[in-house]
Amino acid sequence: MPYCFGNAILAGVTIEASLPRVGDPAPDFRLPSTEGKDIGLDDFKGKQALVLYFYPRDDTPGCTQEACSFRDLLKKFEAHNVQVLGVSTDTVRSHKKFQEKYGLTFPLLADTDHQVAERYGVWQEKKFMGRQYMGVARTTFVIDDHGVLKAVFPNVKVQGHADQVLAALD
């Protein structure tokens, strides 16, 4: 039986059929970043765990609140030897503006062709004001230092989310 923490799934099968499962190897990725270089999963294997969070758009209210929450708790994540990475389909240029505006001190990755979002199952049909479109579903993955998924947080509600992710590391 899976152990659930809030809306996180820490073991067993995820609620969303298209999302990778806890215990499976994390889908590989390598993306341009605000660090001025491409960042990929294998940069961390054997060294450091990851919080890989997917968000819809830079500089929107919910995405700003989520990013600032991770920023504010970054020292606590680092104390667990965890690197936080934010991913959206915005460009590196957009990410850099967002990062500078809010003092974000962790890398943001640009998945402009949404290929990584698709691999992680977060490129989904969305509905807003009667309009249907494809976009990033706000989702967070915790990946251990061996590249294995340890927790999945689907359908993230921003308020308190970074705290939930941090608590799942204990």
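Whatever comes next refers back to the structure up there.
Because the structure is predicted, anything quoted here is derived from the model rather than measured. (Residues numbered from 1 in each chain as written. Predicted model: local features only at pLDDT ≥ 70, side-chain atom pairs only at ≥ 80, totals over all residues. Heavy atoms only, no water.)

**Observations concerning the environment of Lys47**
Here's step 1: Within the secondary structure layout, Lys47 lies in the loop between strand E4 (38-40) and strand E5 (49-54).
Here's step 2: Judged by relative accessible area, which is 56%, Lys47 ranks as exposed.
Here's step 3: Lys47 sits 34 residues away from Asn81 along the chain, and the two C-alpha atoms are 8.5 Å apart.
Here's step 4: With near-sequence residues (within four places) excluded, Lys47 lies in contact with Asn81 and Asp145. (Helix = DSSP H or I, 4+ residues; strand = E, 2+ residues; numbered from the N terminus. Buried < 20%, exposed > 50% of the residue type's maximum accessible area, 1.4 Å probe, protein only. Contact = heavy atoms within 4.5 Å.)

**With respect to the side chain of Arg138**
Here's step 1: Tracing the sequence through the fold places Arg138 in the loop between strand E9 (131-136) and strand E10 (139-143).
Here's step 2: At 2.7 Å, the side chain of Arg138 and the side chain of Glu66 are in polar contact.
Here's step 3: When near neighbours in sequence (up to four residues on either side) are disregarded, Arg138 contacts Phe54, Tyr55, Pro56, Gly62, Cys63, Glu66, Phe153, Pro154, Asn155, Val156 and Val158. (Polar contact = N/O pair within 3.5 Å; in protein donor to acceptor, adjacent residues only side chain to side chain.)

**Some words on helix H3 (residues 92-102)**
Here's step 1: Taken together, the buried positions of H3 are His95, Phe98 and Gln99. Seen from one end, H3 has its buried residues packed into an arc of 100 degrees, which puts them on one side. Across from the buried face of H3, at angles greater than 90 degrees, the exposed residues are Arg93, Lys97, Glu100 and Lys101.
Here's step 2: Its buried side turned inward, H3 meets helix H1 (61-72), strand E6 (82-88) and strand E7 (108-110). (Arc of directions from axis to C-beta.)

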